[in-house]
Amino acid sequence: MLSLRALDRKLLRDLRGMIGQALAIMFVIIAGVTTYVSMISIYDTLDGTLQRYYREYRFADGFASVRRAPEQVADRLREIPGVAELETRVVAGANLEVAGFGEPVMGLIVSLPEDRQPALNQLFIREGRLVQAGRENEVVVNEPFADAHGIRPGDELQAIISGRRRTLTVVGIALSPGYLMQIQPGTMFPDPQRFGVLWLGRTALAAAWDMEGAFNEVAFTLAPGATIDDVVTHVDLVLGAYGGTGAYGRADHPSHAMITEEFKQLQSMAAFLPVIFLAVAAFLLNIVVTRLISLQREQVAVLKAFGYTNRDVGWHYIKLVLVIATAGAIGGTLLGMWAGRAMGNLYLEFYRFPYLHYTLRPQVVITAVSLTTGAAVIGVLRAVRRAVRLPPAEAMRPAPPPRFRATFVERLGLHRFLDQPTRIILRNLERQPLRSALTVVGIAASCGILIAGLFFSDVIDEIVRVQFGLAQRDDVRVTFIEPTSMSALAELRALPGVQHAEPFRFVPARLRNGHRSYDTGIEGLPEDAYLRQIIDRELQPLAPPQDGIMLAMQLGRILDVGAGDEVVVEIMEGRRRTVSVPVAGMTEQYIGVGAYMEMDALNRLAGEGQAMSGALLLVDERYEDAMNAALRDRPRVASIVSQERAVSSYMDTAAESMLVFTAILSLFAGVIAFGVVYNSMRIALSERDRELASMRVLGFRRGEVAYILLGETGLLVLLAIPVGFLIGAGLAVWSIAAFESEMFSFPVVLARRTFGTAAIVVLVAAAISALLVRRQVHRLDMIAVLKTRE
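Residues numbered from 1 in each chain as written. Predicted model: local features only at pLDDT ≥ 70, side-chain atom pairs only at ≥ 80, totals over all residues. Heavy atoms only, no water.

What to know about the overall build of the protein
Piece 1. Along its length, the protein carries 23 helices and 22 strands.
Piece 2. Buried residues in the protein amount to 56% of all 790 residues.
Piece 3. Within the protein, counting contacts between residues at least 6 apart in sequence, those at least 24 apart form 81% of the total. (Helix = DSSP H or I, 4+ residues; strand = E, 2+ residues; numbered from the N terminus. Buried < 20%, exposed > 50% of the residue type's maximum accessible area, 1.4 Å probe, protein only. Contact = heavy atoms within 4.5 Å.)

Okay, structure coming up:
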């Protein structure tokens, strides 16, 4: 017992002596554990809240849209095997006017049973109440839209529904599981200022939209054991005769799909970051413990001479590592819990859940502590094994000095041009190549991690440049409620401020290749399209194919097809034709999964004449308000999307989460850079304190002695930066592969500013470390050091 207490006292002394190094390593561990705990816990919190919200408010398992179907058809749908519960509703587009907001506002109005909740997709009433029977102008507004415009119960909205203006009175503010991410048709990101979801009584909306005794949308749940694919197939067969546009499951619901993509990115971050931080922490611990044991050779010998076993000595150094790792794991867990709760509040504003119950599973904490301590112990196991195997007699003797030989610089004769301190630096580095290489790798790792974080801002800039600069050059995208005659193009060209207009055709379709299928839409473009460009991997424009279909590369991977193959196209509107179409080529598309054809060819494929789904406009910004006012009063217009607002919406959603990730990664990379550099300098000082003190006695000035120590690490930092550039490029490619999804594809873009910023951060970390170590160099006790035994 006494012997173990003596070792414990030695452990505490060792920790006090290396407090700076231990804290630096702990910070790296804390960074990794914080990332792991916060990301996993917030994922569990969001996913658990989402599933609970879906259950409590009865989010449907499947959905289908139809042009117009009699209510009696719903009975046939309920008889489909696998359908547990089914509810019909009416959905209509509307142009809204909000007091004090002059830009176009599009609305989606969903029918609501009077005086009660719907059976499926129920509302969470945040303020006010549901609509009451007999009050045709009462409406419930989705909370994000209400907050964006400061709308409260009792306020009024002007809505143009089917060409008729109506004054609607807001009686409630609500949330719906089907519109957690309210996305305007024709766009991919939510914009609550310019698009809102409203709920109106079924009787009033059916009368305004000519849907009395009919419906145009259906939601259903699955019976136990049923599969969504089988039910979707039967629903399509029933609704096909009434203009059905294709049933789909919850996984393909726009709101749910976008939330799922966000959750996948959280999972990727939770898997990507902690591994790097824990690997660096294990690397640092290995360096520290290896050199500590090297400095304590005589102490190891004395311990073993007094009867301590190899196991006792080994456990002593393992405990040293475990103290540092466990302290870092505890600190990281506590900080991760705080960060997880803070992130949960941020995500609550973004996803608009009715509530959020923070969840931290015990398994997460156990895994974090186990990974941390395990990585730390594995990192130092080799050094500890070498120490305990050292015979006492050999350990009592100082380590043999390195063999003297002329360095490479000296063999070249270049040493004549260098002063004595510089020659000492070069000799020390060349005679200890392994130690120098490990230090370079550690510093390079921090530089690489920093690049892996910073480069996402370059990726976002490139996506905006390509997607909204090269591929989409329009100012405004106008979409009609249903395909319209080409004569509408002339009307659009006559609007005030319109300088150029191009039509487009959009046809919902299901693409199949064997057992693989994907529901998307085929976009038809004019042969001489200018405002909407199809681009290849080299970002060069491609003409829309007249005798085939062009697929986004992500879609090609999903369907496992390439140029020259054939894909089965099932048109989901009109005559619902099914034809086999050759794949003419592949196109680069960073956002979304698209398919493209020449417009006339697409109309022929759909079995229709010359029709257009909308138009892309180039607009003089001076006349934009007048043009918007003219479009707002046209009943056939379903949506008006501004290019500038689309970019802003992208930056507020996907880009914002990427930039948060970038900030976190950059902060932690700076911590790693400081930890590696500071540890290297402190260890070098502890190893060479007698040598440096001897130089002071021999007449070297303080500045020269500090230059020898700090110059060595400074040279290693300069050597590490280009290596870090290579590591960063590799991590960037790896992270892109981890973050890619069906909806998003990311280019690998590394700008010079990213490399420059990473290098500056590493140099600043090195400078701060040098200032801290320099103070200790100046405090060297020369007399005490020179009294040590050879």
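Some details on the packing of aromatic side chains
Piece 1. This structure, assessed with the given rule, holds 8 aromatic pairs.
Piece 2. Measuring from ring centre to ring centre gives 4.4 Å for Y54 and F59, while their planes differ by 40°; the resulting arrangement is tilted. Accessibility assignment for this pair places Y54 and F59 in one class, buried.
Piece 3. Three or more aromatic residues joined by ring pairs make a cluster, and in this case those are Y54, F59, F63 and Y248.
Piece 4. Taking the ring centre of F504 as reference, the NZ or CZ of R477 above it sits at 4.1 Å. (Phe/Tyr/Trp six-rings, centres within 6.5 Å; stacked < 30°, edge-to-face > 60°. Lys NZ or Arg CZ within 6 Å of the ring centre and 35° of its normal.)

Here's the deal with the sheet that holds strand β2 (residues 83-89)
Piece 1. Pairing is antiparallel across the open sheet formed by 4 strands, whose spatial order is β2-β10-β1-β11. One side of each edge strand has no neighbouring strand; the edge strands of this open sheet are β2 and β11 (244-249). This sheet shows a mean twist of 25° between the axes of neighbouring strands, independent of strand direction.
Piece 2. Inspection of the sheet shows β2 paired to strand β10 (residues 214-222) by 6 bridges, in the antiparallel sense. Following the sheet pairing, V83 is matched in β10 by L222.
Piece 3. Running at roughly 165° to β11, helix α6 (residues 228-239) makes contact with β1 (62-70), β2, β10 and β11 of the sheet. (Pairing = 2+ DSSP bridges. Axes fitted to C-alpha atoms, helices over the stretch in contact; angles between N-to-C directions.)

Focus: the packing of helix α8 (residues 297-305) against helix α9 (residues 310-351)
Piece 1. Two elements in contact, α8 and α9, have axes separated by 9 Å at closest approach and are oriented at 140°. The pairing of α8 with α9 is recorded here as oblique in orientation. Every pair of crossing elements has a handedness; the one defined by α8 and α9 is right-handed. Contacts from V300, L303 and K304 of α8 reach α9 at N310, V313 and Y317.
Piece 2. Looking at the contact of α8 with α9, its residues break down into 4 nonpolar, 1 polar and 1 charged. (Parallel < 35°, antiparallel > 145°, perpendicular 65-115°, else oblique. Left-handed = near helix turned anticlockwise from the far one by under 90°. Nonpolar A, V, L, I, M, F, W, Y, C, P; charged D, E, K, R; others polar.)

Here's the deal with the nonpolar core
One broad rule of soluble globular proteins: the nonpolar side chains tend to lie buried together.
Piece 1. Counting 81 residues, the largest nonpolar core has L46, Y53, Y351 and V384 as the members making the most contacts within it.
Piece 2. Considering each element in turn, this core owes the most residues, 15 residues, to helix α2 (residues 19-56).
Piece 3. Ranked by size, the runner-up nonpolar core spans 47 residues in total, among them I424, I443, L692 and V762. (Core = buried A, V, L, I, M, F, W, Y, C linked by side-chain atoms within 4.5 Å.)

A short note on unusual backbone geometry
Piece 1. Residues other than glycine seldom take positive phi values, yet N121 does so here, at roughly 55°.
Piece 2. The phi dihedral of D210 is positive, around 55°, even though this residue is not glycine.
Piece 3. Relative to the helices and strands, D210 is located in the loop between α5 (202-208) and β10.

Describing the pairing of strand β6 (residues 138-142)
Piece 1. Counting buried residues along β6, 5 of its 5 residues qualify, which places the element largely inside the surrounding structure.
Piece 2. What you see with β6 is no split at all: E138, V140 and N142 on one side and V139 and V141 on the other are buried throughout.
Piece 3. Here β6 pairs with strand β8 (residues 164-175) via 5 bridges, running parallel. Across the sheet, E138 pairs through a bridge with T169, a residue of β8.

Brief notes about the side chain of E502
Piece 1. Looking at the secondary structure, you find E502 in strand β13 (residues 498-513).
Piece 2. Looking at E502, its side chain comes within polar contact range of the main-chain nitrogen of Y530, at 2.7 Å.
Piece 3. Separated by 3.0 Å, the side chain of E502 and the backbone nitrogen of L531 make a polar contact.
Piece 4. Not counting the four nearest positions on each side in its chain, E502 is found in contact with L489, D528, A529, Y530, L531, R532, G614, A615 and L616. (Polar contact = N/O pair within 3.5 Å; in protein donor to acceptor, adjacent residues only side chain to side chain.)

Quick notes on the packing of α2 against α9
Packed helices, taken two at a time, are described by their axes: the angle between them and the distance between them.
Piece 1. Taken N-terminus to C-terminus, the directions of α2 and α9 make an angle of 40°; their axes are 6 Å apart at the nearest point. In the packing of α2 onto α9, the handedness of the crossing is right-handed.
Piece 2. Within the contact of α2 with α9, the residues separate by chemical class into 20 nonpolar, 10 polar and no charged.

Points about the environment of R576
Piece 1. Examined against the element boundaries, R576 turns out to sit in the loop between β18 (566-571) and β19 (578-587).
Piece 2. Expressed as a C-alpha distance, the spacing of R576 and T245, which sit 331 residues apart in the sequence, is 8.6 Å.

A look at a positive patch on the surface
Piece 1. A cluster of like positive charges, contributed by R5, R9, R13 and R16, occupies part of the molecular surface.
Piece 2. Relative to the helices and strands, R9 resides in helix α1 (residues 2-17).
Piece 3. Residue R9 is classed as partly exposed on the basis of its relative accessible area, which comes to 48%. (Patch = residues over 30% accessible without salt bridge, like charges linked within 9 Å, V, L, I, M, F, W, Y side chains within 5 Å. Areas by Shrake-Rupley, 256 points an atom, 1.4 Å probe, with all protein chains shown as cover. Salt bridge = Lys/Arg side-chain N within 4 Å of Asp/Glu carboxyl O. Lys, Arg positive; Asp, Glu negative; His and termini not counted. Charge placed at Lys NZ, Arg CZ, Asp CG, Glu CD.)

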